[in-house]
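Tertiary structure, described
For reference, the chains in residue letters:
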Amino acid sequence: MTYITNSNEKTLFHVLAKEIDICCVDQNFYKYPINILSIHEKNYLRKIKELFKNFDFHIDKIYEKRIKVDTKSLVYEGGRPAYHKQETCEKLNADYFNYPIPEEIKGKGDKEIDRYRLWFKENEHLIDSDPKLFETRIQAVFFIKNPKSIEIISKKNSGYTNFKNVEITDIEDEIDRLINFANEFCQSNETTRNIIDIYGDASHKTYIDKNIDLIIKKWNKIKYDLKAELITYFRMKFNPNLKFDGKILDALGYSVCGYCSKNP
């Protein structure tokens, strides 16, 4: 079994769908119209449906290594996303942490960025165990004016996907449930309906008004779950035996997790 994080799965589908011409796909992507989704979301799902219907054809067209671009902005950047051999792998289940590279380091060029990254990775453990020593060392080595200002970017683990097979009737039931739930939520009161009418198609944004933001975040979560179920539905309906094995993931720019390899 091969495992990747939900975040990497979303990126993978996005990369594959980008290569498909929307003019060449079937406009109907489910048994009946789903009006709660935007045109952009519907077109994305139409492409994903086409991908699973003709998977080998589309994979052959985009069979190339895809390496992340290194913007020189973060300590951990530019590598290949990983897939995992073990469900219990610490890296698969770990939260995401990263650190922006200070402007005063970036201004000195690539060699200084590389030196900073290497030093940072060797001393990162001190951020939690001895923050004062970390600040003293980084100031002494790189002359950072304000070491306390170093940011930490953190995100909760997105979960993982193991591409296991499920019953298509169960998926259809869940899709129907989510659509009904979305419609009930949208029609629950006039305020919610008006907010969704105005802001629902831009549900990825954050809004200053807390009531708007709360409603749109919930709306976005419902649509996120619905799109995930629809993608599983397409895979099971049109390509139930498909396996995103290591060979395919290697070809798409993924690499096997080094931690899994060292800790079987």
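Before any of the text, the structure's been laid out above.
Every chain begins its residue count from 1, and numbering advances along the sequence as written. Totals for whole chains, interfaces and linings use all residues, but because this is a predicted model, local features are given only for residues with pLDDT of at least 70 and pairs of side-chain atoms are given and counted only at 80 or more. In computing side-chain values, all of the structure's heavy atoms are included and hydrogens and water are not.

1. So, the overall build of the protein chain
Defined as follows: Helix numbering and strand numbering both begin at the N terminus, where a helix is a DSSP run of H or I of at least 4 residues and a strand a DSSP run of E of at least 2. Residue contacts are defined here by distance: any two heavy atoms, one from each residue, within 4.5 Å place the two residues in contact. Accessibility throughout is a Shrake-Rupley quantity obtained with a 1.4 Å probe, and a residue counts as covered only by protein chains that appear here.
Helices and strands together make up the secondary structure of the protein chain, namely 13 helices and six strands. Within the protein chain, contacts between residues separated by at least 24 positions form 72% of all contacts whose residues are at least 6 apart in sequence. A total of about 15800 Å² of accessible surface is found on the protein chain, and carbon and sulfur atoms cover 51% of it.

2. So, the nonpolar core
Short version of the rule: Residues grouped as a nonpolar core are buried Ala, Val, Leu, Ile, Met, Phe, Trp, Tyr and Cys residues, joined through side-chain atoms within 4.5 Å. For each residue, the accessible area found with a 1.4 Å probe, counting protein chains only, is set against the maximum for its type, and the residue is called buried under 20%, exposed over 50%, and partly exposed in between.
Core analysis: the biggest nonpolar cluster contains 43 residues, and Ile34, Ile48, Leu226 and Leu230 have the highest contact counts within it. Mapped onto this core, the elements with two or more residues apiece are helix H1 (6-18), helix H2 (39-53), helix H9 (168-186), helix H10 (190-199) and helix H11 (210-238). With sequence-adjacent residues up to four places away left out, Leu230 is seen in contact with Phe29, Tyr30, Ile34, Leu37, Leu45 and Ile175. In terms of nonpolar packing, the next biggest core, distinct from the first, is built from 15 residues, Ile101, Ile105, Trp119 and Phe134 among them.

3. Digging into unusual backbone geometry
Trans is the common state for peptide bonds, and a negative phi is the common state for residues other than glycine. Look at Lys72: it is not a glycine, yet its phi comes out positive at around 65°. Inspection of the secondary structure puts Lys72 in the loop between helix H3 (55-61) and strand S2 (82-83). The class for Lys72 is partly exposed, based on a relative accessible area of 24%.

4. Notes on helix H8 (residues 131-142)
Keep this limit in mind: Expected span of a helix: the number of residues minus one, times 1.5 Å. Directions are taken from the helix axis to each C-beta atom, and the arc is the one they span.
The first and last C-alpha atoms of H8 sit 16 Å apart over 12 residues, in line with the 16 Å expected at 1.5 Å per residue. The complete set of buried residues in H8 reads Phe134, Glu135, Ile138 and Phe142. Projected onto a plane normal to the axis of H8, the buried residues spread over an arc of 95° and lie on a single side. Facing away from the buried side of H8 by more than 90 degrees, the exposed set consists of Lys132, Thr136 and Ala140. Each element contacted by the buried residues of H8 is listed here: helix H5 (103-106), helix H6 (110-123) and helix H7 (126-129). Note on H8: the residue one or two positions beyond its end, Phe143, has a positive phi of about 60°.

5. With respect to the packing of aromatic side chains
Two aromatic rings, taken as a pair, are described by how far apart their centres are and by the angle between their planes. Note the following rule: Each aromatic pair joins two rings of Phe, Tyr and Trp (for Trp, the six-membered one) with centres within 6.5 Å, and gets the label stacked for planes under 30 degrees apart, edge-to-face for over 60, and tilted for any other angle.
Applying the stated criterion across every chain yields a total of 11 aromatic pairs. Seen in terms of ring centroids, Phe120 and Phe134 are 5.5 Å apart; in terms of plane orientation they differ by 80°. Their pairing is edge-to-face. With Phe120 in helix H6 and Phe134 in helix H8, this residue pair connects regions lying 14 residues apart in the sequence. The exposure class of Phe134 is buried, given its relative accessible area of 5%. Residues Phe185 and Trp219 carry aromatic rings whose centres are separated by 6.5 Å and whose planes lie at 25° to one another, so their mutual orientation is stacked. With Phe185 in helix H9 and Trp219 in helix H11, this pair connects stretches of sequence that are 34 residues apart. The residues Phe185 and Trp219 share a single accessibility class, namely buried. Cluster of aromatic residues (ring-pair linked, three or more members): Tyr99, Tyr116, Trp119, Phe120, Phe134 and Phe142.

6. Here we look at the pattern of salt bridges
The condition is simple: In the sections that follow, a salt bridge refers to a side-chain nitrogen of Lys or Arg positioned within 4 Å of a carboxyl oxygen of Asp or Glu.
In total, this model carries 12 salt bridges according to the counting rule given. For Glu112, the salt bridge identified is with Arg115, shortest N-O distance 3.0 Å. Within this pair, Glu112 and its partner Arg115 are both found in helix H6, separated by three residues, close to a single helical turn. Of the residues examined, Arg115 reaches a relative accessible area of 39% and is grouped as partly exposed. Notably, a salt bridge pairs Lys217 with Asp213, separated by 2.7 Å at the nearest N-O pair. A residue pair is termed a helical-turn pair when its members lie 3 or 4 positions apart in one helix, as Lys217 and Asp213 do in helix H11 at four residues. Take Lys217: its relative accessible area is 45%, and that puts it in the partly exposed class. Bridged by salt links that share partners, the residues Asp70, Lys72, Glu77 and Arg117 form one connected network.

7. Looking at the environment of Leu51
Here Leu51 is to be found in helix H2. Sequence separation between Leu51 and Asn239 is 188 residues, and the spatial gap between their C-alpha atoms is 9.6 Å.

8. Comments concerning the packing of H2 against H11
Two quantities define a packed helix pair, namely the angle between the axes and the distance from one axis to the other. What counts, and what does not: A fitted line through C-alpha atoms serves as each axis, taken over the contacting stretch for helices, and the angle formed by two N-to-C directions is quoted from 0 to 180°. Note that the term roughly parallel is reserved for angles under 35 degrees, roughly antiparallel for angles over 145, roughly perpendicular for angles of 65 to 115, and oblique for everything else. Working rule for handedness: look at the near helix, and if it is turned counterclockwise from the far one by less than a right angle, call the crossing left-handed; if clockwise, right-handed. Each residue gets one of three labels, nonpolar for Ala, Val, Leu, Ile, Met, Phe, Trp, Tyr, Cys and Pro, charged for Asp, Glu, Lys and Arg, and polar for the others, Gly among them.
Contact pair H2 / H11: the axes reach a minimum separation of 8 Å and the direction vectors enclose 20°. Taken together, the axis directions place H2 and H11 in an arrangement best described as roughly parallel. Here H2 runs over H11; the crossing is right-handed. Taken together, the residues of H11 that come into contact with H2 (itself represented by Glu41, Tyr44, Leu45, Ile48, Lys49, Phe52 and Lys53) are Lys223, Lys227, Leu230, Ile231, Phe234, Arg235 and Phe238. Counted by class, the contact of H2 with H11 contains eight nonpolar, no polar and six charged residues.

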